Amino acid sequence: MRKFNIRKVLDGLTAANTAAPTQPPAARDTESIPESLQSEHFQLCKTVRHGFPYQPSALAFDPLQKLLAVGTQSGALRLFGRPGVECHCQHETSAAVLQIQFLINEGALVSALADDSIHLWNLRQKRPAVLHSLKFNRERITFCHLPFQSKWLYVGTERGNIHIVNVETFSLSGYTIMWNKAIELSSKAHPGPVVHISDNPADESKLMIGFESGIVVLWDLKSKKADYRYTHDEAIHSISWHHEGKQFICSHSDGSLTIWNIKNPAKPAQTIIPHGKQPKDGKKPDPCKPILKVEYKTIREGEPFIVLSGGLPYDTVGRRPCLTVMHGKSTAVLEMDFPIVDFLTLCQTPYPNDFQEPYAVVVLLEKDLVVIDLTQNGYPVFENPYPLTLHESPVTCCEYCADCPVDLVPALYGAGLRQKRQGYSKKEWPISGGNWGQGTQTYPEIIITGHADGSVKFWDASAIMLQVLYKLKTAKVFEKRSNSKDEKASTEMTDEDPFAIQLISWCPESRVLCVAGVSAHILIYRFSKQEIVTEVLQLLEVRLQCELSDLDSPEMGKDQTQTSPTPSASSSPQATTPQPRPSISSNNSDHNHDSLPCLKVRSSSLKQSAGYQVELVVQLLWVGGDPPQPISTMSVNSAYGLVTFGNSSGVAVVDYLQKTLLLNVSATELYSPSEQRQPRSPRKNRAKMSRKLSLPTELKPDLENRDGAFTRSRSSSVTSIERDVREAITALSFCYTFSRKADGALAPCMWVGTSLGTVLTIALSLPPAGEQRQLQPATASPCGTLMRMKGSILRMGFLDAGGCFLSPPYEPWNEPNTSDDQERERGRRRRAVWAGQGEGQFAVLCSDKEAKVLALPTQVCVSKHSITETSFLLRADIVQMGAGVCVACFCANGHIMTLSLPGLRPLLDVNYLPLTDMRIARTFSFSNLGQAMYLSSPTEIQRLTYSQEVCESLQEMLAELFIPIETPEAPNRGFFKGFFGGAAQSLDREELFGESGAGKASRSLAQHIPGQGSVEGMKGAASGVVGELARARLALDERGQKLSEVEEKTAAMMASADAFSKHAHEMMLKYKDKKWYQF
């Protein structure tokens, strides 16, 4: 029996009553459109994290695996290998990472946290996991040391004691070095926390212990007593051994270095103050700042290297932090841009008793990672291949584009090659561990970041990697800020970042870029492969105001009348003339800022390299003594040659091809005369609004007040100042659809969404393509209200009659600066790409509370879904998945949701991340094919996926951190060293620290916590090629062991059978000739 649908009957009656002579096409009902996307197509998981580790605190390096580890103050670990090999790990707690120790060439590391816990991480899987944890209860951890090829970890504490942990079982040894036994009578006071532990390179039984007060003890592990004690007046920060084990060097709090012979504890053999001035009268040099760390590295041919951080004189006020490299008689002071957190010297050998042969220094700064080449003159730095410059200037907005045109990444990379700096080391990047993943993802992905200094960066994000492609500096368009009164007055509302990027609108197919800044300026860029010189920048000034009746009407000069068209729907294109630069001298007396822009466009010529070149500058002007309101939404369309933008004052449409203003109206003027407009309070709000960056859709109401925004009545009068919220423009979309209900044909138009949930349409009339498009005027006419929804409009999109996504029309890219007339003519005649011709459509509307789907042109709501009642959406996008189209939403309560189209069925709802920082809301972005991203910290991008297909292939796409490498042979110690010093190499730590030799430790001292990445868990979690091989190898080993056991049992049975046979034969011979009665 055929299903009866009342909606079809109502649609038919509505269409029959229309006065149009021809019936407009209607989209099919949503129930008749099969939706291929189902709940099983969605799964949410994090993929990778890019950028510089936020607030770093610790550093470690594996010299054989060539892996670098960085710990942070929030309990995170970042592992770096060769370019493209990165991994992010997070401890269960957010305590700061104090220290990291690699189990060299073992595929594991130990981390010590500020909450007095130590953790063993397994790096032999693509997603590292904690195998064991040990939480100390009574003592605070200050230093850890793990000797090469040892399973015993030394843990120093704040009380001055040293405990020993078995890394394999993470159990405490009964062997403990107490501080009072270590110092004995050398000091009457407590020596302070342990700041250093290391074993003698030439004798493993001798342990060096450094206390903060300046006492150093050489402890004999076998005899359990101190051999030597070295005392210094100044506090100790670090200690480093000479590889022969006869000398060591200490760094002190007064900026001095002391070198000691181990058999002469009375006084140091040498005292050095690297940056101290030596007085001529022989007095003691003035103290310097503390030397926080020193490393003593030897080479076979030449003088040793001494590398240190700190130690500068106190009188060097304003001098940047330095790393000092002392080699022989030369001393090089290398200035850094940020304070030094830690540094490590990379050496050729992992053995501490061999010549170290240092070749590089890794310097971890607060906001950067620098690697210095020690093998070349001048100590040049290596070019950093990691995407660590993300925060070079604070990120203010982000856009994510997946499955973009394939020729876009090479084009941006080619333009970016000319921007690369010179003077780097010519050697290869020394951190080269790990292997890339074997993923099959082939579509290109691009991330665009806008920054506080006005720069825009393009990043290649394909295959879960990140590499900078191109950097655009928008601040070059404007004059440099001066200290003049006029300039200061016009820029007082932009705080310290007047060029900060607030919004980005990008058309990947045409490569047209539009950026909006915090100073209410809009820049339109076009991509070119040729370098040009622009003599005069094209400028368009716009007076975007709310209503004429609301404005104080100052006397306006002649120039101002020319550059400020009347806000009318029929604004003439000639009413606004592009100016070469703003005129800021007129009517500026008594600090009247009317008709002044916030920034001054440069008056001199601008050399524009290949890449993005500015086409037009649009600036909003001060009106009635108030600064222009920040741009809340923006959209650009290359097929129409238009850009539109809006804020709390209204909406404007600019023709960037003809450099004219088509429309400049307030939100209330978009309503038709027959519609009731939003009432306004008689009180005028003249407060100057702050220019701090905020949500693009959040204008004036606070987050907590957004919930009740939809309850404001359009018919009732406003009785409270709190309810006086100006209707702002929150969403704009160019489209090729039906502009009115009675239309029977598709036409260019623009849809407008407001903060009060109203959707309005504007019809566009464009001249034919080619030369006529450059000469004939285009027009924009408001058509009135289309729909009203709960909440503020966030996103608008369109589907064809079959439910497929209709992308906005676009014009394919062509070179704008070609000199060939025929090529230029071919570019003019190039047709734009249009979609959805001749059929009905669906309009998808999404507010911060609900989503609706309308059938066009009938404008009948065919599906509706209430997304949230207790919260509100921060971001909503219509995205294409591999099998269909859906609406992806990010809610302020942390939920990520997807809805099917056109039926709006819930497909995914996961409580992912509560909104704890406005940075997340400002930078969260969905993209096609199940990709999303946001700024997880001021320096890091977190990427995630909501696609089941991507989640299943993620394991293969991730990089391998551990690669089996054979450990090099130990250095040849020679006959005499081996004969006379052989006892030093025969230390049996198992006998000393094991339970049989040292007994059991106190259970109350530390608590063992098994990790999620234990061996049993690893067997189930490991996957991919390495995991399969490991399981196969394990199964073969088990099978071989069982076979050997069976073989042994069989051999024993055969031996027993032979013995029985032999014994039986002997018995038979014995009683062979006897009669029965003889027994």
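For the structure itself, look to the data block above.
Right, let's walk through the structure included here. (Residues numbered from 1 in each chain as written. Predicted model: local features only at pLDDT ≥ 70, side-chain atom pairs only at ≥ 80, totals over all residues. Heavy atoms only, no water.)

1. Considerations on the overall build of the protein chain
- In terms of regular secondary structure, the protein chain is built from 14 helices and 60 strands.
- Counting contacts in the protein chain only where the partners sit at least 6 residues apart, residues at least 24 apart contribute 60% of the total.
- When the accessible area of the protein chain is evaluated, it comes to approximately 49000 Å², of which 51% is carbon and sulfur surface. (Helix = DSSP H or I, 4+ residues; strand = E, 2+ residues; numbered from the N terminus. Contact = heavy atoms within 4.5 Å. Areas by Shrake-Rupley, 256 points an atom, 1.4 Å probe, with all protein chains shown as cover.)

2. So, the sheet that holds strand β25 (residues 330-335)
- Spatial strand order, β22-β23-β24-β25: four strands in an open sheet with antiparallel pairing. Only two strands of the sheet have a single neighbouring strand rather than two, namely β22 (291-297) and β25. Adjacent strand axes in the sheet meet at a mean angle of 15° when their direction is disregarded.
- Note that strand β23 (residues 305-310) and strand β24 (residues 322-327) share five bridges and pair antiparallel. Counterpart to Leu308 in the pairing with β24 is Thr324. (Pairing = 2+ DSSP bridges. Axes fitted to C-alpha atoms, helices over the stretch in contact; angles between N-to-C directions.)

3. Side note on the side chain of Thr324
- Along the chain, Thr324 turns up in strand β24.
- Contacts of Thr324, omitting those with residues within four sequence positions, involve His275, Ile306, Val307, Leu308, Thr331, Ala332 and Val333.

4. Considering helix α3 (residues 408-417)
- When α3 is considered as a whole, its buried residues turn out to be Leu408, Val409, Ala411, Leu412, Ala415 and Gly416. Along the long axis of α3, the arc covered by the buried residues comes to 165°, so they all point the same way.
- Along its buried surface, α3 packs onto β30 (445-451), β31 (455-460), β32 (467-473), β33 (501-507), β35 (521-528) and β39 (611-620). (Buried < 20%, exposed > 50% of the residue type's maximum accessible area, 1.4 Å probe, protein only. Arc of directions from axis to C-beta.)

5. Concerning the pattern of salt bridges
- Tallied over the entire structure, the rule returns 33 salt bridges.
- Put simply, Arg526 and Glu615 hold a salt bridge, and the shortest N to O gap is 3.9 Å. Taken together, the positions of Arg526 in strand β35 and Glu615 in strand β39 put the pair 89 residues apart, joining distant regions of the chain.
- Judged by relative accessible area, Glu615 falls into the partly exposed class, the value being 22%.
- As a salt-bridge pair, Arg773 and Asp655 come within 2.9 Å of each other at their nearest N and O atoms. In this pair, Arg773 is assigned in helix α6 (residues 771-775) and Asp655 in strand β42 (residues 651-655), connecting sequence segments 118 residues apart. (Salt bridge = Lys/Arg side-chain N within 4 Å of Asp/Glu carboxyl O.)

6. Considerations on the packing of aromatic side chains
- If you walk through the whole model with that rule in mind, you get 26 aromatic pairs.
- Ring geometry for Tyr230 against Phe248: centres 5.1 Å apart, planes inclined by 75°, an arrangement best described as edge-to-face. A residue pair is termed long-range when its members are at least 10 positions apart, and Tyr230 in strand β17 (residues 225-231) and Phe248 in strand β19 (residues 247-252) qualify at 18 residues. Taken individually, Tyr230 and Phe248 each receive the classification buried, so the pair is uniform in this respect.
- Judged by centre distance (6.2 Å) and plane angle (45°), the ring pair of Tyr470 and Tyr612 falls under tilted. Placement of the pair is Tyr470 in strand β32 and Tyr612 in strand β39, with a sequence separation of 142 residues.
- Overall, the relative accessible area of 4% leaves Tyr470 in the buried class.
- Linked through ring pairs, Phe458, Tyr470, Trp506, Phe527, Tyr612 and Trp813 together constitute an aromatic cluster.
- A cation sits over an aromatic face here: Arg82 above Trp436, 5.4 Å from the ring centre.
- Against the face of Phe343 rests Lys293, its NZ or CZ located 5.2 Å from the ring centre. (Phe/Tyr/Trp six-rings, centres within 6.5 Å; stacked < 30°, edge-to-face > 60°. Lys NZ or Arg CZ within 6 Å of the ring centre and 35° of its normal.)

7. Description of the nonpolar core
- One finds Leu670, Met750, Trp751, Val759, Ile762, Leu764 and Leu845 to be the most contacted residues of the largest nonpolar core, which totals 40 residues.
- Residue contributions to this core peak at six residues, all from strand β44 (residues 729-737).
- Within the second largest apolar cluster, 35 residues are counted, among which are Ile446, Leu469, Val477 and Phe499. (Core = buried A, V, L, I, M, F, W, Y, C linked by side-chain atoms within 4.5 Å.)

8. Structural notes on unusual backbone geometry
- A cis amide bond, omega 10°, links Leu856 with the succeeding residue Pro857.
- Relative to the elements of secondary structure, Pro857 occurs in the loop between β51 (850-856) and β52 (860-866).
- The phi angle at Ile464 is positive, at roughly 50°, despite the residue not being glycine.
- On the basis of relative accessibility, which here comes to 12%, the residue Ile464 falls in the buried class.
- For Ala520, which is not glycine, the phi dihedral falls at a positive 60°.

9. With respect to the pairing of strand β53 (residues 873-880)
- Within β53, seven of the eight residues are buried, which leaves the element mostly enclosed by the surrounding structure.
- Pairing of β53 with strand β54 (residues 885-891) involves seven bridges; the strand directions are antiparallel. By the bridge assignment for β54, Ala876 is matched with Cys889.

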